[in-house]
Amino acid sequence: MCLAIPVQVTELLEGDMARVTLDGVTKIVSLALVEDVHPGDYVILHVGYALNKLDPEEAAKTLALLADAGAAA
Amino acid sequence: MKYVDEYRDGKLARALAKKIALAARPDKSYRFMEFCGGHTHAIARYGLEDLLPENIRLIHGPGCPVCVLPIGRMDDAIKLAQRPGITLCTYADLMRVPGSDGMSLIKAKAAGADVRMVYSTLDALRIAQEEPQRQVVFFAIGFETTTPPTAMALIDAQKLGLKNFFAFCNHVLTPAAIQALVGSPEAAASVPIDGFVGPAHVSTVIGTKPYHAFAENYRKAVVIAGFEPLDVMQAILMLVRQINEGRHEVENEYIRAVTVDGNRKAQDFVARVFEVRDTFEWRGLGQVPFSALQLREEFAAFDAEKVFDIHTVAAKDNPACECGEILRGVKKPVDCKLFGTLCTPETPMGSCMVSSEGSCAAHWTYGRFRDSAPKQRQAS
Amino acid sequence: MTAPRLRSRKLDVKNGRVDLSHGSGGRAMAQLIADIFHDSFANDLLAQGNDQAVFDIPAGRMAMTTDGYVVSPLFFPGGDIGSLAVHGTVNDLAMSGAKPLYLSASFILEEGFPLADLQRIARSMGAAAREAGVKIVTGDTKVVERGKADGVFISTAGVGLVPSGVNLSGDRARPGDAILVSGTLGDHGVAIMSSRENLQFETQIVSDSAALHGLTEAMVAACGEHLRLMRDPTRGGLAATLNEIAHQSGVGIRIEEDALPIRPEVAAACELLGLDPLFVANEGKLIAFVALEAADRLLTVMRSHPLGRDAALIGHVVADDNHFVQMTTSFGGGRIVDWLSGEQLPRIC
């Protein structure tokens, strides 16, 4: 269960809301469930709410691991 | 799309597939259950099963909250929508789910009920504020991913002093469901599951801690996997290695979004609004203890069950429906007599067909060409 | 001879609304027709003011089509119900290889509908017709009570001329044929969804609504005898159209996900809503089935036309008793592309 997608925060708005974008499509969503989010950060979006921040360092680690498979195989 | 496309790279997929094929021991068979509608969907949509060796089998567990919603609760929602003065707000996934007598929200809407499809609880709240003369009931379903938004909506409704906003709560809990699958005597007796592909976004909320009980007590390997197809494949590789090495641990593949503790802020909001029910009926699984949530007394004024005096009447599935066995991985969709005949996505008979994530629906929609053709594995 | 200009008070387009008298056949209706429809559609046949249009037809085969337009919202990025009605009707004719000639337009108007909006729609239709080189030569107007129509419904019919030697039909696809699409998929559906209030997302995507007969003419001229059929993937998207043809021709279809042209914004909007671009409507695209040996030539011809710049070869026809449409995913795995059961709805799950 969980159609959720990483989107980038472009603007913080009042009332714990924010404007986010995914490849040029923008939406206004709630940041009430997360903390310490700044424009430029990526968050996981689900039914109009950001659920979590996406950690770019960990993302890079995962990609490196996956790419490793590409190199080794 | 950043953080999406990279995890869908076809070249990397084929390389990973080779690694998995090498890691899987030819004398062993591996049975992994994935417990997340999103995973079922990704596997079907990308045809992942074609990339795996024959001795790895993926079983689709009850990870779809639409599928496990009992008919009786669907009937309750439809009846609410049919009451004059009530506006029922729902996620689109529920619009076509049939209740008893083949009635559904979309049919009720056609007959005049005020049913409104919403993308978010924020929309439902907005409707309640803009239309004070309507009693707006939000049809709340979902696992731990979707529960925090409902909690926020109720907290906001309380803050705003809204008198016309309610939630009909059907939120369910992941660990309890897994428990029902592995913990029961029937489960132990039937075909065993070697490991779990843990849900992606449920885990962003609850963290990895809750899964340790299964790894330790039931000696099952668990790998929390991200949502994209490469995540799923990497998780399968990690599971195969655990089995080969005789380990049963909780590992996290989705490190870019899942932490050990999860989202404490969201968990706290949920704890403020909801408490655990003693028991709840799951379609296909029967009564499962401590598996679902209800509103706390403090929020009684927003509880649709209390305010509208709802007494759920349990309704039975077709006796020939094999959903229970399919959900536990004992049977496959094609093993069910009703599959593709009486039971199709247009006329779903049981929980596995009602939403596109259900085992039977996914197989029908994406995979049934494999039933007629001889097995074609992608040569690595 | 033109119809006499009415001497009554000028129609208050700015503030006026449709009322039941506009459908009753009397002076009010005549004025509405003259001031809004005749004014916007302006052509000699319509100006005759008869209940029918009479015209000569050259010898040969005629194509005829009919369509209903009930789109909501009425005005969306890239078009409106009026231009959509013209494009859609022209395209249905064009898919047979016909040169579209004349359209009819019948309007069901809801009591209370603003005349300013009606004029906007009519002008848009007139412009679309002129641009496409077709004439709206006859029409009808009815008014129903408030609540019985969604503002306005438009029903059209169209006739055109099929050149001799051109035989395009949905049952002509054969194993080995190549399948081409004229451009990016899903634009129209996403543009419509973005203007629906309860989904509220912002995007630069506009509907691709366009008249395709210029493109089809070029395609038929270049590859006539090798072309099997053309069809525009409107409601139900590419998936519906491919399944229709597979069944009509009694064949299977195999397409490649990587070959499908989809704008990144459209893909993103679909991700956000849980939609599959394969099922999203298009209003300015076509799918062509052509004998394999002519595929390259056809692709070149399409790409040199403004409406075919992003044309692509997306798959082939195979023998298949199950008539399955199968897609090789970007992953290398396989999946079925089935008919949609009912309209595609956004999902959370």
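Residues numbered from 1 in each chain as written. Chains lettered and ligands numbered in written order. Predicted model: local features only at pLDDT ≥ 70, side-chain atom pairs only at ≥ 80, totals over all residues.

Asker: Break down the overall build of chain B for me, citing the residues and quoting the values.
Answerer: Of the regular secondary structure elements, chain B holds 17 helices and 13 strands. The C-alpha radius of gyration computed for chain B amounts to 21 Å, which stays within 12% of the reference 21 Å derived for 380 residues, consistent with globular compactness. For chain B, the C-alpha atoms occupy an extent of roughly 65 × 45 × 45 Å along the three principal directions. Each of the 380 residues in chain B was classed as buried or not, and the buried ones make up 59%. Long-range contacts, defined as pairs at least 24 residues apart, comprise 76% of the intrachain contacts of chain B with a sequence gap of at least 6. (Helix = DSSP H or I, 4+ residues; strand = E, 2+ residues; numbered from the N terminus. Rg over C-alpha atoms; globule rule 2.2 N^0.38 Å. Buried ≥ 20, exposed ≤ 12 C-beta atoms within 10 Å, placed from the backbone. Contact = placed C-beta atoms within 7 Å.)

Asker: Any details on the sheet that holds strand 7 (residues 178–181) of chain C? Residues and values, ideally.
Answerer: Residue and element names in this part refer to chain C. Taken together, the 7 strands give an open sheet; going across it, the order is 9-11-7-12-10-13-14, and neighbouring strands pair in mixed fashion. Sheet topology places strand 9 (227–231) and strand 14 (334–336) at the edges, where each strand pairs with a single neighbour. Strand-to-strand twist across the sheet, computed as the mean angle between neighbouring axes with direction ignored, equals 25°. Pairing between strand 7 and strand 11 (residues 287–290): 4 bridges, direction antiparallel. Opposite valine 181, over in strand 11, you have isoleucine 287 as the bridge partner. Docked against the sheet, helix 6 (residues 213–223) engages strand 9 and strand 11, running at close to 170° with respect to strand 9. (Pairing = 2+ DSSP bridges. Axes fitted to C-alpha atoms, helices over the stretch in contact; angles between N-to-C directions.)

Asker: Please provide a residue-by-residue account of the confidence of the model for chain C, values included.
Answerer: Overall, the prediction assigns chain C a mean pLDDT of 92, with 95% of residues at 70 or greater. Quick note on the complex model: pTM equals 0.87, ipTM equals 0.90. (pLDDT = per-residue confidence, 0-100.)

Asker: Describe the interface of chain A and chain B, and please don't skip the residues or the numbers.
Answerer: Contacts between the two partners involve 34 residues from chain A, matched on the other side by 41 residues from chain B. Contributing elements (two or more residues each) for the side of chain A that touches chain B: strand 1 (5–13), strand 4 (42–46), strand 5 (49–53) and helix 1 (56–72) of chain A. In terms of residue count, helix 1 of chain A provides more of the side of chain A that touches chain B than any other element does, 10 residues in total.

Asker: Before we move on, could you go through the packing of helix 3 (residues 81–94) of chain C against helix 4 (residues 115–132) of chain C and cite the residues and values that matter?
Answerer: Residues and elements named next belong to chain C. Axis separation between helix 3 and helix 4 bottoms out at 7 Å; the angle between their running directions is 30°. Viewed along their axes, helix 3 and helix 4 adopt a mutual orientation that is roughly parallel. Handedness of the crossing formed by helix 3 with helix 4: right-handed. Counting all contacts with helix 3, which are made through Ile81, Gly82, Ser83, Ala85, Val86, His87 and Val90, the residues of helix 4 involved are Ile121, Ala122, Ser124, Met125, Ala128, Ala129 and Ala132. (Parallel < 35°, antiparallel > 145°, perpendicular 65-115°, else oblique. Left-handed = near helix turned anticlockwise from the far one by under 90°.)

Asker: Kindly report on the domain arrangement of chain B, identifying the contributing residues and their values.
Answerer: Residues and elements named next belong to chain B. Each assigned domain of chain B is listed here: domain 1 (5–65 + 175–252), domain 2 (71–171 + 262–307) and domain 3 (323–367). A separation of 31 Å is found between the C-alpha centroids of domain 1 and domain 2. In this complex, domain 1 contributes 12 residues to the contact, which on the side of domain 2 involves 16 residues. Residue assignment for the side of domain 1 that touches domain 2 shows that the elements contributing at least two residues are helix 7 (174–182) and helix 9 (200–206). Counting residues per element, the side of domain 1 that touches domain 2 draws most heavily on helix 9, which supplies 6 residues. Taken together, the residues of the side of domain 1 that touches domain 2 break down into 8 nonpolar, 4 polar and no charged. (Domains from an automatic or database assignment. Nonpolar A, V, L, I, M, F, W, Y, C, P; charged D, E, K, R; others polar.)

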